Every structure is written in C-alpha cells, then in structure tokens.
Amino acid sequence: DPQQLELPTASKRKLRRFIVIDEVVDQLYGSRVREYFEENDVQHKILALPTTEETKSMDLVLNILQEVQDFSIDRRTEPIIAIGGGVCLDIVGLAASLYRRRTPYIRVPTTLLSYVDASVGAKTGVNFLQCKNKLGGYTPPVASFLDRSFIQSIPRRHISNGLGEILKMALMKHKGLFDLLKSHGKHLLDTKFQSCRSSADHGDAALQTTRIAIETMLEELAPNLWEDDLNRLVDFGHLISPELEMRVLPSLMHGEAVNVDMAFMTYVAHARGLVTTEEKEQILQCMRGLELPVWHSGCSWALIKTALRERLKHSGGQLRMPLPTGLGVAEIFNDTSEETLERAYKLWIRD
C-alpha cells in the first residue's frame, strides 16, 4: 500500500529497528549489521541471544518481549527483525505475534535449514514440556530476506543438516531435485552453497536446489497455510523425528533427525511395495552422499510406537503417513499396519 510506505518517510520520527540476532551470528556479522544501521541513521537495539533447541522456550520469548517493551516500537511501522537459524526465527516470530497481538517481523535466515524451511510459511513456536514446538501460532512475516552468503560461515555438518529438509521435498514432490542432490550433493557441501563461476560442470547447483526446494515447499504450504487440512506431504520425516530429536538432544540436529525418520519411512514404503529395492537403495545412497545419518541408536521400536501414538492423537485419529511411491512422488496413507511397521523396522536395523 503506497500510503503505508509513505508513513515512515513522512514522519519526523527517526527510523527505529529492534533486532534479535543469534549470538553466534552476532560474533560473525554483528559489526556489519550495526554499521549498516548506523550508516542509514536508524536508531536500533540489537539483542544477541543463545537460540538453540535447549533454550527455545517461553522464557526466552518473554525476555525478548521485555526488551521490546523497553525499546518501545510502533507496532505497525517498525517490524522486529530476526537474524539467525530456524530456532531464532521461530522464537522471534512467536514474540512478535504476541506483542500488541500482532507486530510485523522480518526473517533473515543464516543457516541452510532456516533458508529452505523456517523462512517459508507462517509457523512460529517454542518447545514446551519437553515436546517440540508445542506452543506457537501461525503468523507469517512481512518479508523473508534470503542471502546465501551467510551459509559460507556455517560448519559442514550444518549444511548437511539443511540438505535433509531439501531431500524431503525432493522425495515427496520433485524427481529433478532428487537428481540434483544425487549428482551435486558433495559439490554443494564442499562449496557451502555458494555460486561458483569456476564450477562449470555443476552449473549453479546451489541456486537451483534452493530455488526448487523453496518453490515446492510454497506449493504445498500456500493453499493450506493454517493447516486446516492435516494431510500434508511436508510432514514426511516428521512423524518419528520430533520425539527422537527431543529425546536425544543435543546429539541430533533437526535435519538429521528428520533424515533418520525418512530413512525408516523409506523402509516402510519398501515393505508396503511402494518403492522398489533399487529405489530404496538410491534414496539411502543419496542420504549417505549428503552425509546424513540413516539410523540412530535412540530410534528404538518403543520410541517409534510412542511417536506414532502422539501422531494419532494430534492428527484427528489418523496416522496421515506420507510415503514415497517412487522417486519424487508420494501419497498419504492411513492403513499401515503395526506388523508392516515392525517388519520394516527389523529390516532397517539389520541393514
């Protein structure tokens, strides 16, 4: 709205911004962020916080809100800015949604996982009672600013972690994306998703994979932003992983836990005759090529049963289990028997 755009510039009040930045990101980029606001004559407050799964709580949200209140922002023209990984974006999003009932916020993802996952969609949230994202809401940001140069400073394991969520979209919706990951996975890890002119053999694999991953995610989320329909292909890898991730913290990162879940579900799909032995092996080989775990000792049969019971409880009494039916195609199933699950589990453990 042009009138809204005129408001900040027409006002005699100095431009002001409240920024929450992950403390590790602050060490790497904080001086440049401060320099930017100073050069543009923007009054600002930068709050650097430890944003990890262990600190992802309402206590941290309330801490942020206290600082927002002390800084005093205009709830319609002065968006809160979140700079960090997925946890940071989730926490700040929830804080913004609570302050004056709805304060606009901007997401600036700094990890590959947050770039392709947390920056897309409307969800905000924190962990509660040792359950992942048990408290939260649906409040989209006014913008997400995507800059892959942040990714060059994160460790290799974090890049592999983000590749887990990209692979999820490839297996569910896009054979071309799966082929890209299979062919260029090592190159993407080695180059940390930077576009390199010298890598003619790989084209711009980094731009292609991130763009396709985000576009396929948007295709799934946009028609169902508030999750009125609980049948969601993007839930692939998210049936067992929430229980597993919280149980073994901090040994598995989010994308790694998702991949362990996807590996097991690939065996379930194979046990049901939905994917061939060759397709199953291609999927597992791709996972290993992306340096993702395909098994974890914490993923016991008892944990799987507990996780699926939780799934039934919160999915309208149906499992709504997304499973690959080939490479890049999938369907949602409600009729997977416990016998099939146990048979798949035994084969998975054996392998």
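Residues numbered from 1 in each chain as written. Predicted model: local features only at pLDDT ≥ 70, side-chain atom pairs only at ≥ 80, totals over all residues. Heavy atoms only, no water.

**Q** Residue-level account of the sheet that holds strand S3 (residues 80-84), with values.
**A** Pairing is parallel across the open sheet formed by 5 strands, whose spatial order is S2-S1-S3-S4-S7. A strand with exactly one partner marks an edge of an open sheet, and here the two such strands are strand S2 (43-49) and strand S7 (143-144). Sheet topology places strand S1 (residues 16-22) next to S2; 7 bridges connect them, and they run parallel. Note that in S2 the partner of Ile21 across the bridge is Ala48. Against the sheet, helix H2 (residues 23-39) engages S1, S2 and S3, with an angle of about 160° to S1. (Pairing = 2+ DSSP bridges. Helix = DSSP H or I, 4+ residues; strand = E, 2+ residues; numbered from the N terminus. Contact = heavy atoms within 4.5 Å. Axes fitted to C-alpha atoms, helices over the stretch in contact; angles between N-to-C directions.)

**Q** Let's hear about the packing of helix H6 (residues 156-173) against helix H10 (residues 254-271): which residues, and what values?
**A** The interhelical angle for the contact between H6 and H10, taken along N-to-C directions, is 40°, at an axis separation of 7 Å. Our classification of the angle between H6 and H10 gives oblique. In this structure, the crossing between H6 and H10 has a hand that is left-handed. Residues Arg157, Asn161, Gly164, Glu165, Leu167, Lys168 and Leu171 of H6 pack against His254, Gly255, Glu256, Val258, Asn259 and Met262 of H10. In terms of residue class, the contact of H6 with H10 is built from 4 nonpolar, 5 polar and 4 charged. (Parallel < 35°, antiparallel > 145°, perpendicular 65-115°, else oblique. Left-handed = near helix turned anticlockwise from the far one by under 90°. Nonpolar A, V, L, I, M, F, W, Y, C, P; charged D, E, K, R; others polar.)

**Q** Just give me the short version of the domain arrangement of the protein chain, but keep the residues and values in it.
**A** Put simply, an interface is often sized by how much accessible area is lost when its parts join up. Under the domain assignment, the protein chain is made up of domain 1 (16-151) and domain 2 (155-196 + 204-223 + 232-349). Its C-alpha centre places domain 1 at a distance of 27 Å from the equivalent point of domain 2. Facing 19 residues of domain 1, the contacting portion of domain 2 comprises 29 residues. For the pair domain 1 and domain 2, the summed buried surface comes to about 1,900 Å²; carbon and sulfur atoms form 68% of the total. Here domain 1 and domain 2 share 2 salt bridges between them. In this structure, the salt-bridge partner of Lys132 is Glu245, at a minimum N-O distance of 3.3 Å. At the boundary of domain 1 and domain 2, one finds 5 residue pairs in polar contact (both at pLDDT 80 or more). Those elements giving two or more residues to the side of domain 1 that touches domain 2 turn out to be helix H5 (112-118), strand S5 (123-128) and strand S6 (131-138). The biggest single contributor to the side of domain 1 that touches domain 2 is H5, with 5 residues. Looking at side-chain class alone, the side of domain 1 that touches domain 2 contains 8 nonpolar, 4 polar and 7 charged residues. (Domains from an automatic or database assignment. Buried area = accessible area lost by both parts, 1.4 Å probe. Salt bridge = Lys/Arg side-chain N within 4 Å of Asp/Glu carboxyl O. Polar contact = N/O pair within 3.5 Å; in protein donor to acceptor, adjacent residues only side chain to side chain.)

**Q** Please set out unusual backbone geometry residue by residue, giving values where relevant.
**A** Trans peptide bonds make up the majority, and among non-glycine residues the majority have a negative phi. In this chain, Leu249 is followed by Pro250 through a cis amide linkage whose omega measures 0°. For Pro250, the position within the fold is in the loop between helix H9 (241-248) and H10. In this structure, Asn133 is a non-glycine residue whose phi angle is positive, near 50°. With respect to the helices and strands, Asn133 occurs in strand S6.

**Q** Tell me what's going on with the UniProt feature "domain: 3-dehydroquinate synthase N-terminal" (unreviewed entry) in the protein chain, and back it up with residues and numbers.
**A** What UniProt calls "domain: 3-dehydroquinate synthase N-terminal" (unreviewed entry) maps, in this numbering, to residues 48-160. The straight-line gap between the two end C-alpha atoms of residues 48-160 is 25 Å; of that span, 35% is helix and 25% is strand. (UniProt positions renumbered as here; feature names shortened; annotations may be inferred.)

**Q** Describe the packing of aromatic side chains, naming the residues involved and giving the relevant values.
**A** Summed over all chains, the structure comprises 8 aromatic pairs. Look at Tyr36 and Phe37: their rings are 5.3 Å apart centre to centre, the planes differ by 75°, and that puts the pair in the edge-to-face class. On the numbers, 6.3 Å between centres and 90° between planes, the contact of Tyr138 with Trp226 is edge-to-face. Note that Tyr138 is positioned in strand S6 and Trp226 in the loop between helix H8 (205-221) and H9, a separation of 88 residues in sequence. (Phe/Tyr/Trp six-rings, centres within 6.5 Å; stacked < 30°, edge-to-face > 60°.)

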